[in-house]
Amino acid sequence: MNTTNAAAATTPAPLLAVDQLRVGFPRPRGGGSYHPVDGISFTIDRGETLALVGESGSGKSLTSLALLRLVPPPGQVAAGSVIKLDGVDVMSLEGEALRAIRGGRIGLVFQDPTTSLNPVLTAGYQVKEALTAHAKFSGGEAKERTIALLDEVGIPDPTGRYGAYPHELSGGLRQRVMIAIALAGEPDLLIADEPTTALDVTVQAQILELLDRLRAARGMAVLLITHDLGVVAGRADRVMVMYAGQLVETGPTAELFSAPAHPYTQALLGSIPKLTGPLERLAPIPGAVPQPHAWPTGCRFHPRCPVRIDACAGEVPPWRSTAPNHEARCWVVEGRAP
Amino acid sequence: MIGPLRETLRRAWRDRSGRFGAIALVLLAAAAIVAPLWLPDPSQMGDLLAGATPPSAEHLFGTDRLNRDLLSRVAHGARVSLGIAGLAVTLSLTIGTGVGLIAGYAGGITDAILMRLVDAALAIPRLFILLLLLVVWDRVPIWAFVTVIGVTGWFGTSRLVRGEVLRLKHEAYVQAATALGAAGRRTIFRHLLPNVLGVILVSATLAIGEVILLEAGLSYLGVGIQPPTPSWGAMVLEARDALSTAPWTLLFPGLAILLTVLSVNLVGDALRAAFDPRSA
Amino acid sequence: MIGWLVRRVGQAAATFAVVAVLLFVLMRLAPGDPLQRLTEERTMAPAEVERLRAVFGLDQPIGTQLGRFAAAAVRGDFGTSIEYRPVQVADLVANRLGPSLLLGAAVLLVNLTLGVWLGVLQARRRGSGIDRWLTRLSLAGYAMPSFWLALVLVSLFAIKWRWFPAAQMTDPLLPDSAGALHRALDILHHLVLPTVTLSVVTIAATMRYQRTAMLEVLRLDFVRSARARGLTERRVIWGHAWRNALFPILTLIGLWLPIVVSGSVFVESVFNWPGLGSLAYGAIATRDYPVLMATAMLVSAAVLLGGLLTDAGQRALDPRTRSG
């Protein structure tokens, strides 16, 4: 599956190119392994915002960890996975080179700022530490830059807050500190894993706007990982929908929202409460997300799919394109092979 | 009560080190019981002129300076050490469990007073308490020795048991039982005790190791087991004057202590891990 | 913080009072008149016996006895040593404190460096061969009687190979003209074997505590987060994870204080190390009751002080409890 086939000759090479990424965990009993991330391929261009949408259990967080080679043991990125950052294969890097990527080329903002910040170190110290890990600064200069960074992420009274401990800050401020840490190494790609899930609704919008602003100001690409389609609208250039370890649909945001091709995407959109229009029943998707060690055969969504046909249970559906750059992996979708 | 306990024991058995310790202990105990039937009398002195002789076919561990068979002495010493440890620990556990149950269940002033006493007692190193008590005798009789050790070793257990009781007091089923009017003592025995058993078991195994070391140490200092009763600690004391001439007299008694305490600790460790897997 | 500290010190003082009472009771529990039995083998001037009796107030009703004892103890007056009369017990103890502190500090140092490092290593390589063997070895050390290990080390390193001295803290043959450095090195030379002995026996606890604490911390999210920032593994382990796994070590320091002060009766006796441990050991042989009492009280005070320092240290170092 590729998105830029026809235009490859004229558009610049993507910043990140992932091909058939699989993350495996050994089965607890009996041999072999299972793959919560099972063959993901996508690209991210410089400066674009790509959203990765899926329910919990779809494997989206593991995907982001895999990009930085941070998959917790005993899991590991399976052989054959290709992760190319500006043409360099991340899988082949070790030691210093790998560290340079973490935070230096790719920044990661974790989901829960409360548990992701070291409780016994001050906010300022942690940001400064991230700064000096990627570039040499003198003591005084490092502190200045840290304060500037805290200011950039919208923390009021950055000088005062420099010496604050994480537990002394509100959830929103903590998340801003996490973002500052992720930006400290001047990364080209910022991965935000559920950046607003742990926050109040009022603060969520602020954080999302902040990410937008920062992206524009720094020319970064952003990989926005979320289960909430509402977060995606108006903020992402493209959307990828993930289910049970695989991508099921990708496309430009507006296109995907107005004409979702995959039944799963349709169901997701159908379960968003709408503020305008006639009152409709919220339609939760029946059934539950399958477990990674027991994926259904064929199309993994078929047990819960309202429009399934016989072929769905038997064979893995191919990618079909319904519009330029808009593809879905489904037997029922009408479209042509991309 | 038996069911979950057996499950925990099974889990403990899976631990390789624990298994080693358990098997070693069984062998040691067996040797201690059986050996005196086959081995020469430990106080039987041979050719005094020969003094201490190195290990040989006739004397597997050699002989000490009074030409007594060392293997026999070590085996008999095992009886003494294990026997004393068993008795003393039983005494400690009984007192400790009793006090812990009372303090935890009764609460209030009783609890406060008891725990203050326990805190103070825990602040004094056990060795000193023992020394202060034992120093008064010229030759400590064994019954006194065991009692003194037992009576000075219950503080930690009482704290642990009390902790468990406090935790369990808030569990629903205990409150339910009390609400239903179950008499105090009955509550203790049928509901609290089985759960407390786990804590006691781990406590016991670790206590045995501690007592063996204490007893050896006190015997080494001369205020423990008195001759002619064989005691590992006393044997080490005797070996002190013959470090270069008869090193085996130092080696074997010490190794015996080491092996026994290690085995007990390994078993205790495996039990502890089985009761609370997170600490492994 | 100050308020808490005051309360905590009060608690420790109250417990110490109970300790004194307990020790007093212990003494009175011993069958017979302790002084009579202990002094009948020696010639002591009746005045001396009366003096000791007065300190312990043995001719008074129990209540008064306790009062007198407490009053004398608070003054630091434990009377005259039976063995070393007319030397005061307090003076004896004061002289022996230094060497015990030195030995204790050395053992503490080994535990805090080697013990901590090994514990962290075990946590990082949890379940591996290194982890399992380190546990087994340290447990073996823990199971060793310290006096036996001391003798083994002496027979090997002092007698057979003559690498280290077998006894005492200093070389009695050292000329008076020897310089400070020479003296210091001499003491260090004598310090090695006793320190190794006590360290082997105690390092297991340190390693276990540190391993457990580190395992708990390594599971936490912020460790992964620290790696994601591109920090070196060394920084992640020591600068982030270990900073949070520090607390049990503080507990150990608190537990250490009594060992620092008493210096292990056994080890000091084998090496003839002139500290409190060997003082107590000598007092056993000579049934010098006042010395034993004084040492017991001192060590108990050290235990309580250690616990106090640990609690205070924990509060000071964990920012959450400070402002919370």
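Quick caveat, the model's predicted, so the values are computed rather than measured. (Residues numbered from 1 in each chain as written. Chains lettered and ligands numbered in written order. Predicted model: local features only at pLDDT ≥ 70, side-chain atom pairs only at ≥ 80, totals over all residues.)

## Description of the overall build of chain A
Next, step 1: Across its full length, chain A holds 12 helices and 13 strands.
Next, step 2: The C-alpha atoms of chain A give 21 Å as radius of gyration, which agrees with the globular expectation for 338 residues (20 Å, within 12%).
Next, step 3: C-alpha extents for chain A along the principal axes are approximately 65 × 50 × 50 Å.
Next, step 4: Long-range contacts, defined here as pairs at least 24 residues apart, represent 63% of the contacts in chain A between residues at least 6 apart. (Helix = DSSP H or I, 4+ residues; strand = E, 2+ residues; numbered from the N terminus. Rg over C-alpha atoms; globule rule 2.2 N^0.38 Å. Contact = placed C-beta atoms within 7 Å.)

## Some points on the environment of Leu181(C)
Next, step 1: Tracing the sequence through the fold places Leu181(C) in helix α8 (residues 180-218).
Next, step 2: Spatially, the C-alpha atoms of Leu181(C) and Tyr142(C) are 35 Å apart, while their sequence positions differ by 39 residues.

## A short note on the pairing of strand β1 (residues 16-26) of chain A
Working note: regular strand, side chains alternate between the two faces of the sheet.
All names here are of chain A.
Next, step 1: Strand direction decides the pairing type here: β1 and strand β2 (residues 33-44), joined by eight bridges, are antiparallel. Within β2, the residue paired with valine 18 across the bridge is phenylalanine 42.
Next, step 2: Where β1 folds back on β2, the antiparallel hairpin that results is connected by six residues, among which glycine 30 adopts a positive phi of roughly 80°.
Next, step 3: Summarising the sheet, β1 and strand β5 (residues 82-85) pair through four bridges and their orientation is antiparallel. Along β5, the bridge assignment pairs alanine 17 with lysine 84.
Next, step 4: Pairing of β1 with strand β4 (residues 76-77), which is carried by two bridges, proceeds in the antiparallel orientation. (Pairing = 2+ DSSP bridges.)

## Quick notes on the confidence of the model for chain B
Next, step 1: On average, residues of chain B carry a pLDDT of 82, and 89% of them reach 70 or more.
Next, step 2: Interface confidence for the predicted complex, given as ipTM, is 0.85, next to a pTM of 0.80. (pLDDT = per-residue confidence, 0-100.)

## What to know about the interface of chain B and chain C
Next, step 1: Listed by partner, the interface residues are 38 residues for chain B and 40 residues for chain C.
Next, step 2: Residue assignment for the side of chain B that touches chain C shows that the elements contributing at least two residues are α4 (108-123), α5 (126-134), α9 (184-221) and α11 (248-275) of chain B.
Next, step 3: When residues in the side of chain B that touches chain C are grouped by element, the largest group, eight residues, is from α11(B).

## Some thoughts on the interface of chain A and chain C
Next, step 1: On the side of chain C, 19 residues touch chain A, which itself brings 25 residues to the contact.
Next, step 2: Put simply, the parts of the chain that give the side of chain A that touches chain C at least two residues each are α2 (95-101), α3 (113-116) and α4 (123-134) of chain A.
Next, step 3: With four residues, the single largest contributor to the side of chain A that touches chain C is α4(A).
Next, step 4: Here the residues of the side of chain A that touches chain C sort into 12 nonpolar, eight polar and five charged. (Nonpolar A, V, L, I, M, F, W, Y, C, P; charged D, E, K, R; others polar.)

## What to know about the packing of helix α3 (residues 70-106) of chain B against helix α6 (residues 142-151) of chain B
Residue and element names in this part refer to chain B.
Next, step 1: The contact between α3 and α6 brings their axes to 7 Å, and the two run at 45°. Considering the angle they form, α3 stands oblique to α6. In the packing of α3 onto α6, the handedness of the crossing is right-handed. Residues Ile84, Leu87, Ala88, Leu91 and Ser92 of α3 pack against Val146, Ile149, Gly150 and Val151 of α6.
Next, step 2: Here the contact of α3 with α6 is composed, by residue class, of seven nonpolar, two polar and no charged. (Axes fitted to C-alpha atoms, helices over the stretch in contact; angles between N-to-C directions. Parallel < 35°, antiparallel > 145°, perpendicular 65-115°, else oblique. Left-handed = near helix turned anticlockwise from the far one by under 90°.)

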